[in-house]
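# Observations on the model geometry
So you can see what is in the structure, the chains are spelled out below.
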Amino acid sequence: MTSSSSKFSDLAKRLVTGVIGAFFVLFAIAYHEYGFVAVFLILCVLTQWEFYKLIIANGIVPLRTFGTIMGVILYMMIYLVEKSTIHFDSFFMILPFSSCIFFIKLYKKDEKKPFTNIAFTFLGIIYVALPFSLLSVAAFILDQYSYQIIIGIFLILWASDTGAYFAGIQFGRRKLFERVSPKKSWEGSVGGAFLSLAFAVGISYYFTDLALWHWIVISIITVVTGTYGDLVESLFKRSMDIKDSGRRLPGHGGFLDRFDGLLLSIPFIIIFLKFFVQE
């Protein structure tokens, strides 16, 4: 197979996977808040499990099952608090559960670096589960479920990724951060920024839960922090000596590869929404 035909095959896989995946995610978000909760809980579990799998492959022994369960608890508690089903004080119940990670490792024999394993268990919760959990904060920022905000965030994020991908292929010359990710270019980042801003303006005409300037700021936040999220994940893969986080998503790699921009952008988006949007 020639280089050009290989690239076309990879692009075709990327497009097909992206379109099918986007359809199911957007449909679940728009259909009902329970669809939103379910689809992102599943994605959270799959992404966190993948993270721990990569860590284990490099000789580290996190509490994969317990860490993932902690991620599920965190996800559901933030959703229930934001929905006002339970009081915010209930959230503190997660603290003793977190302490159990230390107790469990105390009784694990023959582990040379137990605190390294503990640290990576917590990292899976903080790096993966927490950002997915914060989506509920964005969804209920107006005191009721807003599918518009969640769909808008993802359309802008995907526009940024898509613009950066194609602009990088066509015009990429100047390396963005060669030490960490040799393929990423400044031209790709500019292309992602333009497409992201274009989507933000277009979204504002149809999704009126937020004003135009809100969408534009979200777009800027997404471009900057999403790019850093991509670079951080590349740094993680480089430190683990792997190319892709997985092969579950043809043309996209693994779940970490697909949601790396979200993991770092959503905390900054939440801060913006809390200060400038929350009613």
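Heads up: the structure comes first, above all this text.
Heads up: these notes are all about the structure in this document.

The rules behind the values
Residues numbered from 1 in each chain as written. Predicted model: local features only at pLDDT ≥ 70, side-chain atom pairs only at ≥ 80, totals over all residues. Heavy atoms only, no water. Helix = DSSP H or I, 4+ residues; strand = E, 2+ residues; numbered from the N terminus. Rg over C-alpha atoms; globule rule 2.2 N^0.38 Å. Buried < 20%, exposed > 50% of the residue type's maximum accessible area, 1.4 Å probe, protein only. Contact = heavy atoms within 4.5 Å. Areas by Shrake-Rupley, 256 points an atom, 1.4 Å probe, with all protein chains shown as cover. Pairing = 2+ DSSP bridges. Expected span 1.5 Å × (residues − 1). Bend = angle between axes of the 7 residues up to and from the residue. Patch = residues over 30% accessible without salt bridge, like charges linked within 9 Å, V, L, I, M, F, W, Y side chains within 5 Å. Salt bridge = Lys/Arg side-chain N within 4 Å of Asp/Glu carboxyl O. Axes fitted to C-alpha atoms, helices over the stretch in contact; angles between N-to-C directions. Parallel < 35°, antiparallel > 145°, perpendicular 65-115°, else oblique. Left-handed = near helix turned anticlockwise from the far one by under 90°. Core = buried A, V, L, I, M, F, W, Y, C linked by side-chain atoms within 4.5 Å. Nonpolar A, V, L, I, M, F, W, Y, C, P; charged D, E, K, R; others polar.

### Focus: the overall build of the protein chain
From N to C terminus, the protein chain includes nine helices and two strands. Traced from its N-terminal end to its C-terminal end, the protein chain shows the element sequence α-α-α-α-α-α-β-β-α-α-α. Relative to its length of 279 residues, the protein chain is compact, with a C-alpha radius of gyration of 19 Å against a globular reference of 19 Å. Principal-axis analysis of the C-alpha atoms gives the protein chain an extent of 55 × 50 × 30 Å. Here the protein chain, with 279 residues, has 46% of them falling under the buried criterion. Considering only contacts in the protein chain between residues 6 or more positions apart, those separated by 24 or more positions represent 70%. Summed over its atoms, the accessible surface of the protein chain is roughly 14,900 Å², and 68% of this surface lies on carbon and sulfur atoms.

### A few points about the pairing of strand β2 (residues 181-185)
Note: strand β1 (residues 175-177) against β2, two bridges, orientation antiparallel. Residue pairing for β2: Phe 177 is matched across the bridge by Ser 181. Count of turn residues in the β1/β2 antiparallel hairpin: three residues.

### Thoughts on helix α9 (residues 255-276)
The terminal C-alpha atoms of α9 lie 31 Å apart, and with 22 residues this matches the ideal 32 Å at 1.5 Å per residue to within 8%. Of all the bends in α9, the greatest reaches close to 40 degrees and is centred on Ser 265; the proline Pro 267 follows between one and four positions later.

### Considering a nonpolar patch on the surface
A grouping of Val 16, Ile 20, Phe 23, Phe 24, Phe 27 and Tyr 31 is seen on the molecular surface, where their side chains present a nonpolar patch of about 710 Å² in accessible area. Mapped onto the elements of the fold, Tyr 31 is located in helix α1 (residues 3-31).

### Considerations on the packing of helix α3 (residues 64-82) against helix α5 (residues 114-139)
α5 packs onto α3 with a crossing angle of 25 degrees between their chain directions and a minimal axis gap of 9 Å. Taken together, the axis directions place α3 and α5 in an arrangement best described as roughly parallel. Relative to α5, α3 is oriented so that their crossing is right-handed. Across the interface between the two elements, Gly 67, Met 70, Gly 71, Leu 74, Tyr 75, Ile 78, Tyr 79 and Glu 82 from α3 touch Thr 121, Ile 125, Ala 129, Leu 130, Phe 132, Ser 133, Ser 136 and Val 137 from α5.

### Examining the side chain of Arg 258
Turning to its location among the elements, Arg 258 is positioned in helix α9. Judged by its relative accessible area of 18%, Arg 258 is buried.

### A short note on the nonpolar core
What tends to happen in soluble globular proteins is that the nonpolar side chains get buried as a cluster. Counting 68 residues, the largest nonpolar core has Phe 36, Phe 40, Phe 132, Leu 135, Ile 150, Ile 218 and Leu 273 as its most contacted members. For this core, the leading source of residues is α5, giving twelve residues. Discounting residues that sit within four places of it in the chain, Phe 36 has contacts with Ala 28, Ile 29, Tyr 75, Leu 135, Ser 136, Ala 139, Tyr 145 and Ile 150.

### Re the environment of Thr 208
Positionally, Thr 208 belongs in the loop between α7 (186-206) and α8 (212-240). We classify Thr 208 as exposed; its relative accessible area is 57%. With 60 residues separating them along the chain, Thr 208 and Gln 148 place their C-alpha atoms 7.9 Å apart.

### What to know about the environment of Gly 229
Relative to the assigned elements, Gly 229 resides in helix α8. Sequence-wise, Gly 229 and Leu 262 are 33 residues apart; in three dimensions their C-alpha atoms are separated by 7.3 Å.

### Description of the packing of α5 against α9
Where α5 contacts α9, the axes come no closer than 9 Å and their chain directions differ by 45 degrees. By the angle class used here, α5 and α9 are oblique. Considering only the axes of α5 and α9, their crossing is left-handed. For the pair α5 and α9, the contacting residues are Tyr 127, Val 128, Pro 131, Phe 132, Leu 134, Leu 135, Val 137 and Ala 138 in the first and Leu 256, Phe 259, Leu 262, Leu 263, Leu 264, Ile 266, Pro 267, Ile 270, Leu 273 and Lys 274 in the second. Its residues assigned to classes, the contact of α5 with α9 shows 17 nonpolar, no polar and one charged.

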